[in-house]
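Residues per chain, in single letters:
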Amino acid sequence: MIEMPPLQFAQTNGIRMGYYDAGPKSDKPPLVLCHGWPELAFSWRYQIKALSEAGIRVIAPDQRGYGATDRPEAVEAYDLEHLTGDLIGLLDHVAGVVGVNTPHTDRAPIDPIELFRKRFGEQMYIVQFQDPAREPDRIFDGRVEETFDAFMRKPLQRSDAGPSEPPAAGVGASPKLNLAFPQMIAAYDARLDPRTPILSPEEKQVFVDTFKKTGFTGGINWYRNFSRNWQRAADLDHTVRVPSLMIMAEKDAVLPPSAADGMERIVPDLEKYLVRDSGHWTQQEKPDEVSAKLIEWRRKRFG
């Protein structure tokens, strides 16, 4: 298993953030690797090693609500202003941006929760995450090993592979896709799953041990701010005016490459790159290819 750099801490935006820093301090600008749900900075272990060995400085935080970073109680403490403020505390400015699987989009015409509800129904995981009783949290907290057994797998190599890919924004998924992830985890039995695991037993244990300690609520609280973020972003310009790279995964059922169609309209300086034969966990499924592309793009755009 790849060894992570020493865990460090920074006081930023009113919280203590755990992060990993590798590569020469003289290299600028650093590449900041931000994980998704349900993940950790550990998800970037392959890229941290490859990029730092290539002479690129890399910073990978456990984001607010995850791992070694503080987990505030208030749901509102996980809105976009807080999340971006955390990263500003680690950075002086942003020179460029890379998206992996999740595309940058303009502001939705209606509240995104209502959009998801109309498109996918009440059982869609992000809609369920709005439940004030927090039943999804209890399901994931009670079945931590099953959660990572189910999510961290490669897609089946056939056209009828079924709805097994795990969550992100869900904006590009087919309405026929089963996105009732809490119920999927509640009923999951790894013995019946034909898909290939992405993680080694040792790697999976890192996620399991961490989430058994922290629970899932901190990360889920990001989703509980979708409506709040949408409301507060009404007057924001969503155009990204820095060099940008969009890495897409050919077999991501939740966020297919087509979800990034039209990004050029609000990201004018955009390069797209397709990772073939990869599902949702691209940086862990195809680590060498993702690392090589990040190195190539970083050198091409920033020296």
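Attention here is on the structure that accompanies the text. (Residues numbered from 1 in each chain as written. Predicted model: local features only at pLDDT ≥ 70, side-chain atom pairs only at ≥ 80, totals over all residues. Heavy atoms only, no water.)

Remarks on unusual backbone geometry
It is generally the case that most residues other than glycine have a negative phi and that most peptide bonds are trans. For clarity, the threshold we go by: Numbered from the N terminus, helices here are DSSP runs of H or I no shorter than four residues, and strands are runs of E no shorter than two.
In this structure, the amide linkage connecting Lys28 to the following residue, Pro29, adopts the cis form with an omega of -10 degrees. Position of Pro29 among the secondary structure elements: in the loop between strand E2 (15-22) and strand E3 (31-32). In this chain, Trp37 is followed by Pro38 through a cis amide linkage whose omega measures -5 degrees. Summarising the element assignment, Pro38 is placed in the loop between E3 and helix H1 (45-53). Its identity is not glycine, yet Asn101 carries a phi of approximately 75 degrees, on the positive side. Structurally, Asn101 is set in the loop between strand E5 (97-100) and helix H3 (112-120). Positive phi, close to 60 degrees, is recorded for Arg134, a residue that is not glycine. Mapped onto the fold, Arg134 is located in the loop between helix H4 (125-128) and helix H5 (135-142).

Regarding the pattern of salt bridges
As a reminder of what qualifies: The rule for a salt bridge is simple: a side-chain nitrogen of Lys or Arg has to be within 4 Å of a carboxyl oxygen of Asp or Glu.
One pass over the structure, following the stated rule, counts 27 salt bridges. Between Asp189 and Arg191 there is a salt bridge; the shortest N-O distance is 2.8 Å. Taking the shortest distance from any N to any O, the salt bridge between Asp277 and Lys251 comes out at 2.8 Å. Remark: Lys251 occurs in the loop between strand E6 (244-249) and strand E7 (270-275) and Asp277 occurs in the loop between E7 and helix H11 (282-285); sequence separation between them is 26 residues. Here the residues in one salt-bridge network are Glu271, Lys293, Glu296 and Lys300, joined through shared partners.

Concerning the packing of H1 against helix H12 (residues 287-302)
Which entries qualify depends on this criterion: Inter-axis angles, ranging from 0 to 180 degrees, are taken between N-to-C directions of lines fitted to C-alpha atoms, where helices are fitted over the stretch in contact. Reported orientations rely on four angle classes, namely roughly parallel under 35 degrees, roughly antiparallel over 145, roughly perpendicular from 65 to 115, and oblique for the rest. By definition, turning the near helix anticlockwise from the far helix through less than a right angle yields a left-handed crossing, and turning it clockwise yields a right-handed one. What makes two residues a contact is simply this: any of their non-hydrogen atoms within 4.5 Å.
Axis separation between H1 and H12 bottoms out at 9 Å; the angle between their running directions is 45 degrees. With respect to H12, the axis of H1 lies oblique. Note that H1 runs across H12; the crossing there is right-handed. Here Tyr46, Gln47, Ala50 and Leu51 of H1 come into contact with H12, specifically with Pro287, Val290, Ser291, Leu294 and Ile295.

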